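Each chain, written out:
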Amino acid sequence: MTLKVYNSMTNEKEEFKPLEGKTVKMYVCGQTVYDYMHVGHARTYVSFDIVRRYLEYLGYSVETVINITDVNKKINDRAREEGESPWSIAEKFAEINLEDFDDLGIEADAYPRASDYMDEMIDLVEELVDKGLAYEAGGDVFFDVRKFEKYGELSNQDLENIRPERTDEIISSEKKKNPEDFALWKSQEGSELSPTWESPWGEGVPGWHIECSTMSLSLLGEQFDIHGGGSDLVFPHHENEIAQTEGVTGKKWVNYWMHSGLVQMGEEKMSKSQQNFVSVRELSKEHDPQALRLMIAEGHYRNPMKYSDERIEKAEKTLKSLENTVRNLRAEINSFEESIPSKMREKDIEFLEQVFNLKEKFLEAMNDDFNTPIALRNLHELSKLAQSYLEENPKRPVLSRALTTILDLGGILGILEAKEERQFKRGGLMGNLMEEILKLRERYRTKDEYELADSIRNAVEKAGITIEDTKRGPRWKSAE
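Predicted model, so just to flag it, every value in this text is computed and none were measured.

Undergrad: What is the right way to look at the sheet that holds strand E12 (residues 268–269) in this model?
TA: By definition, the strands of a sheet pair up through backbone hydrogen bonds, in either a parallel or an antiparallel sense. Overall, mixed pairing links the three strands, which are arranged E12-E11-E13 in an open sheet. Only two strands of the sheet have a single neighbouring strand rather than two, namely E12 and strand E13 (305–307). Direction of pairing for strand E11 (residues 263–265) relative to E13: parallel, over a ladder of three bridges. Bridge assignment links valine 263 to a residue of E13, and that residue is methionine 305.

In structure tokens:
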């Protein structure tokens, strides 16, 4: 089976061929951290997390980057409303959003923050100016889109028919050579509630689009495999990223552009600006986060999705049904006494053949541009099949194969994680206890008191919990 991916650049499904053998590099546009993550954001990140999981299932090593925009006018405005500094607002919501990622099972190798790459952004803007692709005007720097021949290729537009209603970046300005030129650097006087940086063009802040070009170049290099984001980012954000990056490198930047469909509340796009959103934090108080993942998987990632309370409740019932199958299989397997295996019967062989066929159909669907609705349908069929086999004097090795298959396929979608793995999620009694234990261990580690830190790890492991030291700090899970 060959994996095919829909490329937004060509508007066709293409055979997936990474640039570097079995290594895949993927960049997903992250959030501006001035508020809670909502279901629309989660739809994008869960969709690309499923892409990551499936590629890893196929044997690829996937390097994933999701950026954090912590320099933005929206953050400054929120800081004024709250009477806090922009940095405290950005830090608070960055941490909250990363906690939501944990609850949803979303993983990445790096979460770069825009503020950490300011020097690199300025260098990139300087290089664009030196190449004649950008120009300074009264302290601002603009990209001259008419100097980049491929501008509009991703969004399938030509310069004469640019859609001005899609962005405020192309509003005509006296400083610009062309109305469609976009800002790389904006002159601005700094204050406590509006941080700025010094540059060759004076005090100011970077344009939004330059951030992702800079961070991806720094972390993934001049070329990588997949660039993802919501479909609302095709223009102008991704179009402008291409112009900036390829303008500097002269190389094709991204092999596969992938975009997730938007989430709607009624007939409107779910949006913070419209105040018609449901936050992931709010939803997780009443529903299992894995139910949200399942609800997202029930629709193809490229299609729009309507959110409703009924839909998440239905997804939670479906999740519980699948979990019930896993629970019943485990209970039956554990009930067997160790003995010499008996001969396989014809109905056992037939059952295993059906398990294999449903697994193959699941994988066929995933190979067709990550078609999770059809994949999920086959997982449901497998669950029903396993429940039926439980009533037919089942054999332990057969049950074990069925259970392993269900868990493997569920793992691709990020569901059916064992309950004991999730009892420590943030906010619960055990979760809060583990947070305090990890903080204590970190205090010993920072003081180089490693013997005491190791004793805490050993004590926790004896209780059946594994501590993992990650790039984002220590994390825990129940030992397998």
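Undergrad: Sorry if this is basic, but what is going on with the domain arrangement of the protein here?
TA: Interfaces are often sized by the amount of accessible area the parts lose when they come together. Domain boundaries in the protein define domain 1 (4–260), domain 2 (313–413) and domain 3 (419–478). Computed from C-alpha coordinates alone, the two centres of domain 1 and domain 3 are separated by 34 Å.

Undergrad: Just checking my understanding: could you explain the sheet that holds strand E4 (residues 61–66) for this structure?
TA: The parallel open sheet is built from four strands, whose spatial order is E4-E3-E9-E10. Two strands close off the open sheet at either side, each with one partner strand: E4 and strand E10 (254–260). This sheet shows a mean twist of 20° between the axes of neighbouring strands, independent of strand direction. Bridge count between strand E3 (residues 23–28) and E4: six bridges; the pairing is parallel. Opposite methionine 26, over in E4, you have threonine 64 as the bridge partner. Its contacts with the sheet put helix H1 (residues 39–57) on E3, E4, strand E9 (224–230) and E10, and the angle it makes with E3 is roughly 175°. Those strands touched by helix H6 (residues 234–249) are E9 and E10, and its axis lies near 155° from that of E9.

Undergrad: It is not clear to me how the pairing of E10 should be interpreted in this structure. Could you clarify?
TA: If a strand is regular, its side chains alternate between the two faces of the sheet. Among the seven residues in E10, seven count as buried, and that is most of the element. In terms of strand pairing, E9 meets E10 through six bridges, oriented parallel. When the sheet's bridge partners are listed, isoleucine 226 is paired in E10 with tyrosine 256. Note that the unit made of E9, H6 and E10 has a crossover that is right-handed.

Undergrad: Sorry if this is basic, but what is going on with the packing of helix H2 (residues 73–82) against helix H3 (residues 86–104) here?
TA: Packing of H2 against H3 leaves a shortest axis separation of 8 Å and a crossing angle of 105°. Compared by their axis directions, H2 and H3 come out roughly perpendicular. Here Ile75, Asn76, Arg78, Ala79 and Glu82 of H2 lie close against H3, whose contacting residues are Pro86, Ile89, Ala90 and Phe93. Residues that form the contact of H2 with H3 fall into these classes: six nonpolar, one polar and two charged.

Undergrad: Honestly, the state of the cysteines in this entry has me stumped. Any pointers?
TA: Two cysteines form a disulfide when their sulfur atoms are joined by a covalent bond. Throughout the structure, instances matching the rule amount to zero disulfides. Cysteine cysteine 29 is unpaired, with the sulfur of cysteine 212 as its nearest cysteine sulfur at 3.9 Å. Classification of cysteine 29 as buried rests on a relative accessible area of 6%. Relative accessible area serves as the criterion here: at 3%, cysteine 212 is assigned to the buried category.

Undergrad: When you look at the nonpolar core in this model, what are you seeing that I'm missing?
TA: Within soluble globular proteins, side chains that are nonpolar tend to cluster in buried spots. With 86 residues, the main nonpolar core has Val39 and Leu292 as its most contacted residues. When residues of this core are assigned to their parent elements, the largest contribution, nine residues, is made by H1. Lining this core are residues from two domains, each supplying at least three of them: domain 1 (4–260) and domain 2 (313–413). Once you skip the residues sitting within four places of it in the chain, leucine 292 turns out to touch Val39, Ala42, Leu104, Val280, Leu283 and Ile312. Counting residues in hydrophobic clusters, the runner-up holds 41 residues, among them Val125, Val145, Met215 and Leu233.

Undergrad: Looking at this structure, I do not really get empty space enclosed by the protein. What am I missing?
TA: Leftover empty space is mapped by rolling, across the atoms, a probe with the size of a water molecule. Counting across every chain of the model gives four cavities of 30 Å³ or more. For the largest cavity, the calculated volume is near 70 Å³. Counting residues per element, the lining of the largest cavity draws most heavily on H3, at four residues. Among the residues forming the lining of the largest cavity, the class breakdown is eight nonpolar, four polar and no charged.

Undergrad: Help me understand the environment of asparagine 156 in this model?
TA: Among the structural elements, asparagine 156 can be located in the loop between strand E6 (140–143) and strand E7 (182–187). A sequence separation of 148 residues divides asparagine 156 from serine 8, and the C-alpha atoms of the two residues are 9.8 Å apart.

Undergrad: Looking at this model, I keep getting lost on the environment of isoleucine 96. Mind explaining?
TA: Relative to the assigned elements, isoleucine 96 resides in helix H3. On the basis of relative accessibility, which here comes to 12%, the residue isoleucine 96 falls in the buried class. Between the alpha carbons of isoleucine 96 and alanine 42 there is a distance of 13 Å; along the sequence they are 54 residues apart.

Thresholds, definitions, all that
- Within every chain, residues take consecutive numbers counted from 1 along the sequence as written.
- Two thresholds apply to this predicted model, a pLDDT of at least 70 for residue-level local features and 80 or more for giving and counting side-chain atom pairs, whereas whole-chain, interface and lining totals are computed over all residues.
- For the side-chain quantities, the full set of heavy atoms in the structure was used; hydrogens and water were omitted.
- Two strands pair if DSSP finds at least two bridges between them.
- Helix and strand assignments come from DSSP, with helices taken as H or I runs of at least 4 residues and strands as E runs of at least 2, each series counted from the N terminus.
- Each domain's limits were defined by an automated method or a database of domain assignments.
- Angles run from 0 to 180 degrees between N-to-C directions of axes, and those axes are lines fitted to C-alpha atoms, restricted for helices to the stretch in contact.
- Two residues form a contact once any of their heavy atoms are found within 4.5 Å.
- Relative accessibility decides the category of a residue: with a 1.4 Å probe and only protein chains considered, values under 20% of the type maximum give buried, values over 50% give exposed, and everything between is partly exposed.
- For the handedness criterion, the strands are oriented away from the viewer, and a crossover whose path from the first strand over the helix to the second runs clockwise is classed as right-handed.
- Each angle is binned into one of four classes, with values under 35 degrees roughly parallel, values over 145 roughly antiparallel, values of 65 to 115 roughly perpendicular, and all other values oblique.
- In this classification, the charged set is Asp, Glu, Lys and Arg, the nonpolar set is Ala, Val, Leu, Ile, Met, Phe, Trp, Tyr, Cys and Pro, and all remaining amino acids, among them Gly, are polar.
- A pair of cysteine sulfur atoms is labelled a disulfide when the two atoms are within 2.5 Å.
- Nonpolar cores were defined as sets of buried Ala, Val, Leu, Ile, Met, Phe, Trp, Tyr and Cys residues, with membership established by side-chain atoms within 4.5 Å.
- Here a cavity denotes a set of grid points, spaced 1 Å apart and computed over the protein atoms alone, in which a 1.4 Å probe fits but from which it cannot get out, and a pocket denotes an open set meeting protein on both sides within 12 Å along at least five of seven lines; residues with an atom within 4 Å of a point are reported as lining.
- Grid points are joined across faces, edges and corners, and a volume is the space filled by probe spheres set on the points.

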